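Here's the letter readout for the chains.
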Amino acid sequence: MTVRSDDLTAPAVGRRSVVLVIVLLAGLAIALRLAEPERVPWLQNFFIVFGSLLIEALPFVLIGAFASAAIEVFVPATAFASIAKLPRPLQLPCAAVAGMAFPVCECGSVPVARRLAQRGLAPGAAVTFMLAAPILNPIVIASTVIAYRGRDTFWVMVLGRMALGFVVAVAVGWVAGARNAGDLLRPNPDDQDEDEDEDEPRWQRFTGHLGTDFLFMAKFLLLGATVSAAIQTVLPQTLVTHVASLPVVNLLAMMGLAFVLSLCSESDAFVAASFTQFGPSAQLAFLVSGPMLDMKLGALYAGTYSKGFLRTVLFAVVAVTLAGTLWISVVWG
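Computed from a predicted model, the values in this text were never measured in an experiment.

Draft legend 1. Looking closely at the packing of aromatic side chains. On inspection of all chains with the given rule, the structure shows 3 aromatic pairs. Seen from their ring centres, Phe154 and Trp155 are 4.9 Å apart, and the 80° between their planes marks the pair as edge-to-face. Where Phe275 meets Phe278, the ring centres are 6.3 Å apart and the plane angle is 80°; that geometry is what we call edge-to-face. Neither Phe275 nor Phe278 differs from the other in exposure class; each is buried.

Set out below in structure tokens:
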């Protein structure tokens, strides 16, 4: 049997990824100690917001990476075979509900959806699962519960995120499902190597995925926490409050922020909850659109799906999320 170099380096890459994140966090702790931020009020406020976001969100990033790696290695795509046998009108909502049982982040859901479409699942159902799983999975629901615990908007945020995420995922899946799998997916020369990957020991594949997924998600969390803390520290609060008070603009602003930050769905609730100037509808716009459409997902969509798919997702996600959050803002304010 021929052993490829990728097989030999996967677990090593995973271990180096975990070590790198630990070293970065240790270096940050030392820098905080030396900087003595308590002597500078604005710097102290920045590190309080930044540190609190990391402390609350990092455990969920680690759990999400663990679950994503386990699903990638141990859960076969045939687990979704029963969905493909359902009548077409039921495939989309059932695919969305199936996302509740598979705790994968938005990045992990893209290759899973591709494999499902290749193995016979209706393209619309595969896209629906891809968009719903990062919002409806139990880890994301748990992180949202913890981020909003004790607030008056607790049930609006938790149930609103689940319901609106479900509706948006089904709507986009219905629009994207107009094309068949051959027209929807880009050809991928690496598909022929999938069977060879099965020869690698599962524990090596698992550790490799765990390390790379954790590092990938953690670096976006660091970016998101930094930007969130900077906005709340550097920008004048009158400007932030003014934007937050503008109807429609506040919703689009939070969707735009979610697109730029490109957070992992396991941790984005803590960042959204920190923007207390914005109401629940604007925070929901952030929490629903972000796991479906951001900068890193744009690159993944462009490489996975055919021309026009990214544009379709962009217009559908923004339109349905905007309509849903406007309705919520009318009902709850």
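Still more to cover.
Draft legend 2. Fine view of the nonpolar core. Of all hydrophobic cores here, the largest spans 41 residues; its most connected members are Val127, Met130, Leu131, Val172, Met292, Tyr301 and Phe309. Of the residues forming this core, the biggest block, 10 residues, is contributed by helix α6 (residues 123-136). Not counting residues within four places of it along the chain, the set of residues in contact with Met292 comprises Leu131, Ile135, Gly165, Val168, Ala169, Leu297, Tyr301, Val313 and Val317. Ranked by size, the runner-up nonpolar core spans 30 residues in total, among them Tyr148, Val156, Leu263 and Ala269.

Draft legend 3. Expanded view of empty space enclosed by the protein. What the rule picks out here adds up to 1 cavity of 30 Å³ or more. The space that makes up the largest cavity amounts to roughly 50 Å³. Lining the largest cavity are Ala258, Leu261, Ser262, Leu263, Asp268, Phe286, Gly290, Pro291 and Asp294. Looking at the lining of the largest cavity, its residues break down into 5 nonpolar, 2 polar and 2 charged.

Draft legend 4. Seen up close, the side chain of Asn250. Inspection of the secondary structure puts Asn250 in helix α13 (residues 249-261). According to the relative accessible area criterion, Asn250 is buried, its value standing at 11%. One polar contact links the side chain of Asn250 to the main-chain carbonyl oxygen of Ala244, over a distance of 3.2 Å. In contact with Asn250, not counting residues within four places along its chain, are Val243, Ala244, Phe278 and Ala282.

Draft legend 5. Broad picture of the pattern of salt bridges. By the definition in use, this model includes 1 salt bridge. The closest approach of N and O atoms between Arg161 and Asp268, which form a salt bridge, is 2.8 Å. Of this pair, Arg161 sits in helix α8 (residues 154-176) while Asp268 sits in helix α14 (residues 268-274), placing them 107 residues apart in sequence. Each member of the pair, Arg161 together with Asp268, is buried.

Draft legend 6. Fine view of a nonpolar patch on the surface. Together, Trp327, Val330, Val331 and Trp332 line one region of the surface with nonpolar side chains, adding up to about 500 Å² of accessible area. Examined against the element boundaries, Val330 turns out to sit in helix α17 (residues 309-332). Judged by relative accessible area, Val330 falls into the exposed class, the value being 69%.

Draft legend 7. Region of interest: unusual backbone geometry. Located in the positive-phi region is Val248, a residue other than glycine, with phi close to 70°. On the accessibility criterion, Val248 (32% relative accessible area) is partly exposed.

Draft legend 8. How the structure looks around the environment of Leu314. Position of Leu314 relative to the elements: it lies in helix α17. Between the C-alpha atom of Leu314 and that of Met292, which follows or precedes it by 22 residues, the distance is 9.0 Å.

Reading the values: rules and limits
- Residues numbered from 1 in each chain as written.
- Predicted model: local features only at pLDDT ≥ 70, side-chain atom pairs only at ≥ 80, totals over all residues.
- Heavy atoms only, no water.
- Phe/Tyr/Trp six-rings, centres within 6.5 Å; stacked < 30°, edge-to-face > 60°.
- Buried < 20%, exposed > 50% of the residue type's maximum accessible area, 1.4 Å probe, protein only.
- Core = buried A, V, L, I, M, F, W, Y, C linked by side-chain atoms within 4.5 Å.
- Helix = DSSP H or I, 4+ residues; strand = E, 2+ residues; numbered from the N terminus.
- Contact = heavy atoms within 4.5 Å.
- 1 Å grid on protein atoms, 1.4 Å probe; cavity = no way out; pocket = protein on both sides within 12 Å on 5 of 7 lines; lining within 4 Å.
- Points joined across faces, edges and corners; volume = space filled by probe spheres on them.
- Nonpolar A, V, L, I, M, F, W, Y, C, P; charged D, E, K, R; others polar.
- Polar contact = N/O pair within 3.5 Å; in protein donor to acceptor, adjacent residues only side chain to side chain.
- Salt bridge = Lys/Arg side-chain N within 4 Å of Asp/Glu carboxyl O.
- Patch = residues over 30% accessible without salt bridge, like charges linked within 9 Å, V, L, I, M, F, W, Y side chains within 5 Å.
- Areas by Shrake-Rupley, 256 points an atom, 1.4 Å probe, with all protein chains shown as cover.

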